[in-house]
Amino acid sequence: MIKLIALDLDGTLAIEDHQVSTLTRDALDNLHRNGVEVVIATGRRYRTTRYVIENLGFDVFAVCNGGALIKAPDQTTLYRESFSVIPILEITRELKLTLFAQRDSHHHGGADFIIDSVTIWNEVTGRHADQNQDWCEVRDLTTSSNDYMVAGCFGHQRELNLLANQIVNKYGNNYNTIIVPHIDSHWFYCEISLGHVDKWHGLQKILSSFNLAPENVCAVGDQLNDLSMVTGAGHGVAMANGHKQLRAAANFVCGHHERDGLLDVIRYIEQHNKNRL
């Protein structure tokens, strides 16, 4: 039986302005009422994840910051993994990229993320800071604490590939880097976390609390930061709009996220569970 569905947000569940389509929302609500736990698994920070949860209409578990933070339906922190960004900062400054580091502000208070003040910002970093001026702080990251769950920076794909390669060359598997397109622009985003942290790592913390196995999980996503959960779950699904490598690795490909493609997944779960009664 499939007892949990894990959903990425951008490109999967969320459509424009953090909304969830009416058909998908109603189908997920019905699935949830029939005993299938709905879990969000996203690279977003918790504040912006809440925007989608509120539009979903019922509270759920959330794996945020790429697996480094887990929030319960009552918004308490169940798990958080932090690290020092100083080693990464040395590389980003050499490459003239601006690092920002994310923290569990919902639990601790203060800013959601800190932007390094030393380097000159590119266009997309400046825009991101302007759009989040109430939730970010600008300062020299070398003077900050170690209480960061994930780091990242915006740039062109070529320079972010160079960043990822230098991190691997210097630190091996100590860190995990994922490069994904930035929504609604030609820029890209490089997410940097501890080497063992990814969405599947975060989901496994929730599975253990429900005593579930991978075969009880259906995971759905669209980008390479979803690869760990799509291949780790017993039922891995890629969106039709997803990255070609993710589509190749998935058990099947559902419809496009802007055309209620998740309805294909919900019908699959309902039929799968019915066949096992």
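Below or above, wherever it landed, is the structure these notes cover. Keep in mind that this is a model prediction, so the values were computed, not measured. (Residues numbered from 1 in each chain as written. Predicted model: local features only at pLDDT ≥ 70, side-chain atom pairs only at ≥ 80, totals over all residues. Heavy atoms only, no water.)

## Re the side chain of Asn 225
- As for its position among the elements, Asn 225 is in the loop between strand S12 (217–221) and helix H8 (227–232).
- When sequence neighbours within four positions are dropped, the list of residues in contact with Asn 225 reads Ile 178, Val 180 and Lys 199. (Helix = DSSP H or I, 4+ residues; strand = E, 2+ residues; numbered from the N terminus. Contact = heavy atoms within 4.5 Å.)

## Observations concerning unusual backbone geometry
- A positive phi angle is found at Asp 17, which is not glycine, with a value near 60 degrees.
- Mapped onto the fold, Asp 17 is located in the loop between strand S1 (4–7) and helix H1 (22–33).
- In this structure, Asn 211 is a non-glycine residue whose phi angle is positive, near 60 degrees.
- Tracing the backbone through its elements, the reader meets Asn 211 in the loop between helix H7 (199–210) and S12.
- Residue class for Asn 211 comes out exposed when judged on its relative accessible area of 71%. (Buried < 20%, exposed > 50% of the residue type's maximum accessible area, 1.4 Å probe, protein only.)

## What to know about helix H6 (residues 157–171)
- Spanning 15 residues, H6 covers 21 Å between terminal C-alpha atoms, matching the ideal 21 Å at 1.5 Å per step.
- Those residues of H6 that sit buried are Leu 160, Leu 163, Ala 164, Ile 167 and Tyr 171. Projected down its long axis, H6 shows its buried positions confined to an angular sector of 95 degrees, all on one face. When the buried face of H6 is taken as reference, the exposed residues oriented beyond 90 degrees from it are Arg 158 and Asn 169.
- The secondary structure elements touched by the buried residues of H6 are helix H3 (86–94), strand S9 (150–155), strand S10 (175–181) and strand S11 (188–194).
- Residue Gly 172 follows H6 closely and has a positive phi angle near 60 degrees. (Expected span 1.5 Å × (residues − 1). Arc of directions from axis to C-beta.)

## Looking at the sheet that holds strand S6 (residues 100–102)
- In space, the six strands of this open sheet follow the order S8-S7-S6-S9-S11-S10, with mixed pairing throughout. A strand with exactly one partner marks an edge of an open sheet, and here the two such strands are strand S8 (136–139) and S10. Adjacent strand axes in the sheet meet at a mean angle of 25 degrees, parallel and antiparallel pairs treated alike.
- Two strands pair when backbone bridges link them, and S6 and strand S7 (residues 113–116) are joined in this way by three bridges, in the antiparallel orientation. Counted as the bridge partner of Ala 101 is Ile 114 from S7. (Pairing = 2+ DSSP bridges. Axes fitted to C-alpha atoms, helices over the stretch in contact; angles between N-to-C directions.)

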